[in-house]
Amino acid sequence: MPIAIHCAPVADIDPQTIYRILWLRVSVFVVEQQAAYAELDGRDIEPGAELAWIEDSDQVVSTLRILCEPTEMRIGRVATSPGARGLGHSARLMRLAIGRCAELRPTAPVVLDAQTHLSEWYGRFGFSQSGEPFVEDDIPHIPMRRAGTSD
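Residues numbered from 1 in each chain as written. Predicted model: local features only at pLDDT ≥ 70, side-chain atom pairs only at ≥ 80, totals over all residues. Heavy atoms only, no water.

K.L.:
Looking at this structure, I do not really get the overall build of the protein. What am I missing?
P.N.:
If you tally the helices and strands in the protein, you get three helices and eight strands. Scanning the protein from its N terminus toward the C terminus, one meets helices and strands in the order β-α-β-β-β-α-β-α-β-β-β. Overall size of the protein, expressed as C-alpha extent along the three principal axes, is 40 × 35 × 30 Å. For the protein, the residues scored as buried account for 43% of the 151 residues in total. Per element, the accessible surface of the protein, about 7900 Å² overall, is 54% carbon and sulfur. Side-chain charges in the protein split into 14 positive and 21 negative, and the spacing between the mean points of these groups amounts to 4 Å. (Helix = DSSP H or I, 4+ residues; strand = E, 2+ residues; numbered from the N terminus. Buried < 20%, exposed > 50% of the residue type's maximum accessible area, 1.4 Å probe, protein only. Areas by Shrake-Rupley, 256 points an atom, 1.4 Å probe, with all protein chains shown as cover. Lys, Arg positive; Asp, Glu negative; His and termini not counted. Charge placed at Lys NZ, Arg CZ, Asp CG, Glu CD.)

As structure tokens, this is what we get:
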């Protein structure tokens, strides 16, 4: 089965797939990065929220989340399984997410909180530092912003 890219609100995602997406996020953020926090924060089911993911042989190997906030769009929860890293999956999802944000709200900026060591990677997609660095769950982060497509 070829690699498949998807994007949908939680309500439209098959229960087994949503389980695999959430399992991947917990595996990366809570277990691998040893950040004990409420991964299931309620934001996945907010109005306008969408999840994007890549499946390879019926396994979710990469995912991210798109949120509609009052004045901006937000991309977060970008995670790829260890065995699928370096294959460009996260880059594919970032391009999809940026395009989706532009479809939903073309003039809205897109923001994210990047782990500091990934800030240059996010820069490849037009994001730049937009605030002071901070530490969340013992991991250094940098707020980043990308202008809306109609700015």
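Now that the structure has been shown, we can carry on.
K.L.:
Looking at this model, I keep getting lost on the nonpolar core. Mind explaining?
P.N.:
If you look at soluble globular proteins, the nonpolar side chains tend to sit buried side by side. Counting 24 residues, the largest nonpolar core has L64, I75, M94, L112, Y122, F127 and M144 as the members making the most contacts within it. Within the residue set of this core, elements represented by two or more residues are β2 (50-56), β3 (59-68), β4 (73-80), α2 (89-104), β5 (110-115) and β8 (139-146). The element contributing the most residues to this core is α2, with six residues. In this structure M94 touches L64, I75, V78, L112, W121, Y122, F125 and F127, once residues within four positions along its chain are discounted. (Core = buried A, V, L, I, M, F, W, Y, C linked by side-chain atoms within 4.5 Å. Contact = heavy atoms within 4.5 Å.)

K.L.:
What exactly am I supposed to notice about the pattern of salt bridges here?
P.N.:
Oppositely charged side chains may form a pair once their charged atoms are brought near each other. Applying the stated criterion across every chain, the model contains 14 salt bridges. Of the charged contacts in the structure, one is a salt bridge between E72 and R74, with a shortest N-O distance of 4.0 Å. In terms of burial, E72 and R74 fall into one category: buried. Residue R100 is joined to E103 by a salt bridge in which the shortest nitrogen-to-oxygen separation is 2.8 Å. Here R100 and its partner E103 are both found in helix α2, three residues apart, which amounts to about one turn of the helix. Note on R100: relative accessible area 23%, which makes it partly exposed. One salt-bridge network, in which partners are shared between bridges, spans R25, E39, D41, D44, R65 and R77. (Salt bridge = Lys/Arg side-chain N within 4 Å of Asp/Glu carboxyl O.)

K.L.:
How do you make sense of the layout of surface pockets when you look at a structure like this?
P.N.:
Over the atoms a probe the size of a water molecule is rolled, and this reveals where empty space is left. Empty space within the largest pocket amounts to approximately 900 Å³. Forming the walls of the largest pocket are 35 residues, and the residues nearest its centre are F29, R77, V78, Q115 and Y122. Elements represented by at least two residues in the lining of the largest pocket include exactly α1 (15-32), β3, β4, α2, β5, α3 (119-123) and β8. Sorting elements by how many residues they give to the lining of the largest pocket places β4 first, with seven residues. Residues belonging to the lining of the largest pocket are distributed by class as follows: 16 nonpolar, ten polar and nine charged. (1 Å grid on protein atoms, 1.4 Å probe; cavity = no way out; pocket = protein on both sides within 12 Å on 5 of 7 lines; lining within 4 Å. Points joined across faces, edges and corners; volume = space filled by probe spheres on them. Nonpolar A, V, L, I, M, F, W, Y, C, P; charged D, E, K, R; others polar.)

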